[in-house]
Amino acid sequence: MAHDVTESNWRGSQAYRKGVQETVKLRDQAIAASSVGIVIADARLPDMPLIYVNPAFERITGYSDAEVLGYNCRFLQGKDTSQPAVDQLRAAIKAGENCTVTLLNYRKDGTPFWNELTLSPIYDDGNNLTHFVGIQSDISDRIKAEQALRLEQEKSERLLLNILPKPIVDQLKQFEGSLAQQFTEATILFADIVGFTQLSAQMSPLELLNLLNQIFSVFDKLAEKHGIEKIKTIGDAYMAVAGLPVANDHHAEAIAQMALDMQQAIQQFKTPQGEPFQIRIGINTGLVVAGVIGIKKFSYDLWGDAVNVASRMESSGLPGKIQVTAATKERLQDKYIFEQRGVIAVKGKGEMINYWLVGKQK
C-alpha cells in the first residue's frame, strides 16, 4: 500500500518552520509600521484588559504599552465622550459583533482627539469568543474639516434665509428655474416715510442710510413678531405681506396690527431738527402670485392687481394715516375700528371707497 506523506513531511520540515517564522516576522513588522492603532483585548478575562498595543497606538494616544497593558481601554474616554457611541460599542461587545464608532477620546496629556474605532471579535475553533481586535484612527483633521464645512453651510443657509422665505429656500434646493405660486388671498402692506426727499437734502448719504437702517430694523422685528414676510425696501418704502408663503387665515389681522405698531415705533425717531417722523401706510387684500424668477440674485416678490392697489393705498394716503381698501376692512371690521374716508380716484382702478384704520377694538 502506498501513502503520500509529502505534505506532512513538508509541514514538519525545517524549511517550513523557517518560512512560518519569516511570515510571522513580516506580519509583526507590518503591524508595528502601521499608521493606525491596533489593540487586542482578552475577552475571557474580567473587564476585558488590553494584552497588545502597537507603536501607532502610542503615537496617537501618548500611552506606552507598559502603561496600558492589563487595563480596559476606557481610560481614553472623558466627560465629553459621546454616551450613545459608548453604548453602541458596549452593545456590540456584549453581542460579540463587529462595530465601528466615532468617539471623542483623550490623549495622555489631556488633549482631545476624534477616534474612529472598529472592533472585531475573534472566536476559537469551538466558536468561543476569546479576543477583540480594535483598529483606531485619529480622524481629528477630517472632523475639523467637516465641522468647518458645516459651519460655512450654516452661514450660507442663514444668509439665504435672510433673502428668501424658508419654504422657498427648501424648494429651490430641489430644482432650478422659476418658482411661483398663486395665493387666493393675502394682505399686502406698503409704508413710506413722509418728507424723506427733503430730509435727504439735509443729511449726508451715510447718515441717511444709518437712519433708514435703524427704522427698517425696527420694522423687521415687528414683521418677525407678527409672522409677516418682509418682501423688500425701495428707497424709503417698506413692503411686507401676510398669508404666504404658507397660507393662513389671519393675514389681514397680522398686517393691521403691524401697521398700528409701525405708527407707534416711528415716533421714537426724530429728524435733525428734532421733529417726529410720520409714515403713510396702505393696505389691501386679494389674490397674488408670489415667487422667485430668474437664475441670479434671487428675490422673493409679489405680482398681481392686489399688490398694485396696496401700493396706491399708500401713495394716495395721508401722513400718519393707514389707508385700507374695502376688501381688507371686510375681514377686520369685527376686531378693528375704521373711519370711512369716502370715494377717491385710484390710478388704474377708477373710484374706490377707502377707509382709515384707526385702532383695535377693546
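So, here's what we can say about the structure.

Procedures and definitions
- Sequence order as written defines residue numbering, which begins from 1 separately in each chain.
- Local features in this predicted model are restricted to residues of pLDDT 70 or higher, and side-chain atom pairs are both shown and tallied only at a pLDDT of 80 or more, whereas totals for entire chains, interfaces and linings draw on every residue.
- Hydrogens and water molecules were not included; the side-chain quantities draw on all heavy atoms of the structure.
- The numbering of helices and of strands both runs from the N terminus, where a helix is a DSSP run of H or I of at least 4 residues and a strand a run of E of at least 2.
- For the exposure calls, accessible area comes from a 1.4 Å probe over protein chains only, and a residue counts as buried if that area is under 20% of its type's maximum, exposed if over 50%, partly exposed in between.
- Here, two residues are considered to be in contact whenever any of their heavy atoms come within 4.5 Å of each other.
- For every accessible area listed, the method is Shrake-Rupley and the probe measures 1.4 Å; residues are considered covered only by the protein chains on display.
- Here, the arc refers to the directions that run from the helix axis to the C-beta atoms.
- DSSP bridges decide pairing: two strands pair if at least two such bridges lie between them.
- For every element, the axis is a line fit to its C-alpha atoms; helices are fit only across the contacting stretch, and the angle between N-to-C directions ranges from 0 to 180 degrees.
- Expected helix span is taken as 1.5 Å per residue step, with the number of steps being one fewer than the number of residues.
- Take a side-chain nitrogen of Lys or Arg and a carboxyl oxygen of Asp or Glu: if they are within 4 Å of each other, that pair is a salt bridge.
- Oblique is the label for every angle not falling under 35 degrees (roughly parallel), over 145 degrees (roughly antiparallel), or within 65 to 115 degrees (roughly perpendicular).
- Crossing handedness is defined as follows: a turn of the near helix away from the far one that is anticlockwise and smaller than a right angle gives a left-handed crossing, while the clockwise case is right-handed.
- Residues were grouped as follows: Ala, Val, Leu, Ile, Met, Phe, Trp, Tyr, Cys and Pro as nonpolar; Asp, Glu, Lys and Arg as charged; and all remaining residues, including Gly, as polar.

**Details of the overall build of the chain**
Tallying secondary structure elements over the chain gives 12 helices and 13 strands in all. Evaluated residue by residue, the chain yields a buried proportion of 39% over its 362 residues. Long-range contacts, defined here as pairs at least 24 residues apart, represent 57% of the contacts in the chain between residues at least 6 apart. If you sum the accessible surface of the chain, you get close to 21,200 Å²; carbon and sulfur atoms cover 52% of it.

**Regarding the environment of Gln278**
Of note, Gln278 is situated in the loop between helix 10 (251-265) and strand 9 (279-292). For the pair formed by Gln278 and Met262, sequence separation is 16 residues and the distance between their alpha carbons is 9.9 Å. In contact with Gln278, other than residues within four places in its own chain, are Asp192, Ile193, Val194, Pro319 and Gly320.

**Regarding helix 11 (residues 305-315)**
Ala306, Val307, Val309, Ala310, Met313 and Glu314 are the residues of helix 11 that are buried. Angularly, the buried residues of helix 11 cover 165° about the axis, an arc narrow enough to put them on a single face.

**So, the sheet that holds strand 2 (residues 50-53)**
With antiparallel pairing, the five strands of this open sheet are ordered in space as 2-1-5-4-3. Pairing within the sheet leaves two strands with one partner each, and these edge strands are strand 2 and strand 3 (99-106). Taking the axes of each pair of neighbouring strands and ignoring which way they run, one obtains an average angle of 25° across the sheet. With six bridges connecting them, strand 1 (residues 37-42) and strand 5 (residues 129-138) associate as antiparallel partners. Considered in strand 5, the bridge of Ile38 is made with Ile135. Contacts from helix 5 (residues 83-95) reach strand 3, strand 4 (112-123) and strand 5, with the element oriented near 135° to strand 3.

**As for unusual backbone geometry**
Cis peptide bonds are those with omega within 30 degrees of zero, and the linkage from Leu244 to Pro245 qualifies with 5°. Its location among the elements puts Pro245 in the loop between strand 8 (237-242) and helix 10. The backbone of Asp47 shows a phi angle near 65°, a positive value even though the residue is not glycine. Along the chain, Asp47 falls in the loop between strand 1 and strand 2. In this structure Asp47 comes out as partly exposed when scored by relative accessible area, which is 45%.

**Let's talk about helix 9 (residues 205-225)**
In this model, helix 9 (21 residues) spans 30 Å end to end at C-alpha, consistent with the 30 Å of a helix rising 1.5 Å per residue. If you check which residues of helix 9 are buried, you get Leu208, Leu211, Leu212, Ile215, Phe216, Phe219, Leu222 and Ala223. All buried residues of helix 9 project into a common sector of 120° when viewed along the axis, lining one side. Structural note: helix 9 exposes Leu206, Leu209, Lys221, Glu224 and Lys225 on the side pointing more than 90 degrees away from its buried face.

**Observations regarding the pattern of salt bridges**
Under the definition given, this model contains 14 salt bridges. Residues Asp220 and Lys230 are paired through a salt bridge, measuring 3.2 Å at the closest nitrogen-oxygen approach. Placement of the pair is Asp220 in helix 9 and Lys230 in strand 7 (residues 229-234), with a sequence separation of 10 residues. In this structure, Arg280 engages Glu314 in a salt bridge whose closest nitrogen and oxygen atoms are separated by 3.2 Å. Taken together, the residues span a long stretch of sequence, with Arg280 in strand 9 and Glu314 in helix 11 at a distance of 34 residues. A relative accessible area of 18% places Arg280 in the buried class. Glu314 gets classed as buried once you look at its relative accessible area, which sits at 9%. Through salt bridges with shared partners, a single network forms among Glu116, Arg142 and Glu146.

**Regarding the packing of helix 9 against helix 10**
For any two helices packed against each other, one specifies the inter-axial angle together with the distance between the axes. Two numbers describe how helix 9 lies on helix 10: the axes approach to 10 Å, and their chain directions differ by 150°. As far as their axial angle goes, helix 10 and helix 9 are roughly antiparallel. Helix 9 and helix 10 meet at a crossing whose hand is right-handed. On helix 10, the residues that touch Val218, Phe219, Leu222, Ala223 and Lys225 of helix 9 are Met258, Asp261, Met262 and Ala265. Here the contact of helix 9 with helix 10 is built from residues that sort into seven nonpolar, no polar and two charged.

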